[in-house]
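So the chains spell out like this:
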Amino acid sequence: MKLDLLYFAWVRERVGLDGETRDLAANTVGEALAALSALGDGYASAFAEPHRLRFALDQDFVDADAALREGAELAIFPPVTGG
């Protein structure tokens, strides 16, 4: 399934990209993370603790069990902290 992926904050730093388009064998956000983790050390590091991440599918917050659809935009970022 082709997805437009956006990465933010330390996720972006570990992956080394702001975003990309990838064809992944995944039906849910969680499956997409697993597929991305297999792409290399930076990806594995970024997605090693998926419970620490937040997700937005086409700009709506979703959980890791959310279903993906072809051509969707999936944003992945750590939770925002205040100061």
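It is worth spelling out unusual backbone geometry at this point. Working note: non-glycine residues mostly have negative phi, and peptide bonds are mostly trans. You will see that A9, though not glycine, has its phi angle at about 55°, which is positive. With respect to the helices and strands, A9 occurs in helix α1 (residues 9-15). Taking relative accessible area as the criterion, A9 reaches 33% and is therefore assigned partly exposed. The phi torsion at D58 lies on the positive side, around 50°, for a residue other than glycine. By the secondary structure assignment, D58 is in the loop between β3 (54-57) and β4 (60-62).

The next point concerns the pattern of salt bridges. One pass over the full model with this rule turns up four salt bridges. With a closest N to O distance of 2.8 Å, R22 and E20 form a salt bridge. Notably, a salt bridge pairs E49 with R52, separated by 3.3 Å at the nearest N-O pair. On the accessibility criterion, E49 (38% relative accessible area) is partly exposed.

Of the two faces of strand β1 (residues 2-7), only the one carrying L3, L5 and Y7 is buried; K2, D4 and L6 on the other face are not. Of the pairings in the sheet, the one linking β1 to strand β2 (residues 19-23) comprises five bridges and is antiparallel in character. Bridging from a neighbouring strand, D4 pairs with T21 of β2. Direction of pairing for β1 relative to strand β5 (residues 73-77): parallel, over a ladder of four bridges. Bridging across to β5, D4 finds its partner in E73.

Bringing the side chain of E20 into the picture now. Residue position: E20 is located in strand β2. In this structure the side chain of E20 is engaged in a polar contact, spanning 2.8 Å, whose partner is the side chain of R22. In this structure E20 touches L3, D4, L5, Y7, V15 and Y43, once residues within four positions along its chain are discounted.

Counted by the stated rule, this structure contains three aromatic pairs. Plain terms: the ring middles of Y7 and F47 are 6.2 Å apart, the flat faces sit at 50° to each other, and that makes the pair tilted. You can see Y7 sitting in strand β1 and its partner F47 sitting in the loop between α3 (41-46) and β3, a full 40 residues away along the chain. Residue classification places Y7 among the buried positions, given a relative accessible area of 1%. When the centroid spacing of 5.9 Å and the interplanar angle of 65° are considered together, the rings of F61 and F77 count as edge-to-face. Of this pair, F61 sits in strand β4 while F77 sits in strand β5, and the two are 16 residues apart along the sequence. An aromatic cluster of three or more residues is present, and its members are F8, F61 and F77. Above the ring of F61, the side-chain terminus of R54 is found at 4.5 Å from the ring centroid.

Rules used in this analysis
- Residues numbered from 1 in each chain as written.
- Predicted model: local features only at pLDDT ≥ 70, side-chain atom pairs only at ≥ 80, totals over all residues.
- Heavy atoms only, no water.
- Helix = DSSP H or I, 4+ residues; strand = E, 2+ residues; numbered from the N terminus.
- Buried < 20%, exposed > 50% of the residue type's maximum accessible area, 1.4 Å probe, protein only.
- Salt bridge = Lys/Arg side-chain N within 4 Å of Asp/Glu carboxyl O.
- Pairing = 2+ DSSP bridges.
- Polar contact = N/O pair within 3.5 Å; in protein donor to acceptor, adjacent residues only side chain to side chain.
- Contact = heavy atoms within 4.5 Å.
- Phe/Tyr/Trp six-rings, centres within 6.5 Å; stacked < 30°, edge-to-face > 60°.
- Lys NZ or Arg CZ within 6 Å of the ring centre and 35° of its normal.

Function cannot be read off these values alone, since they describe shape.
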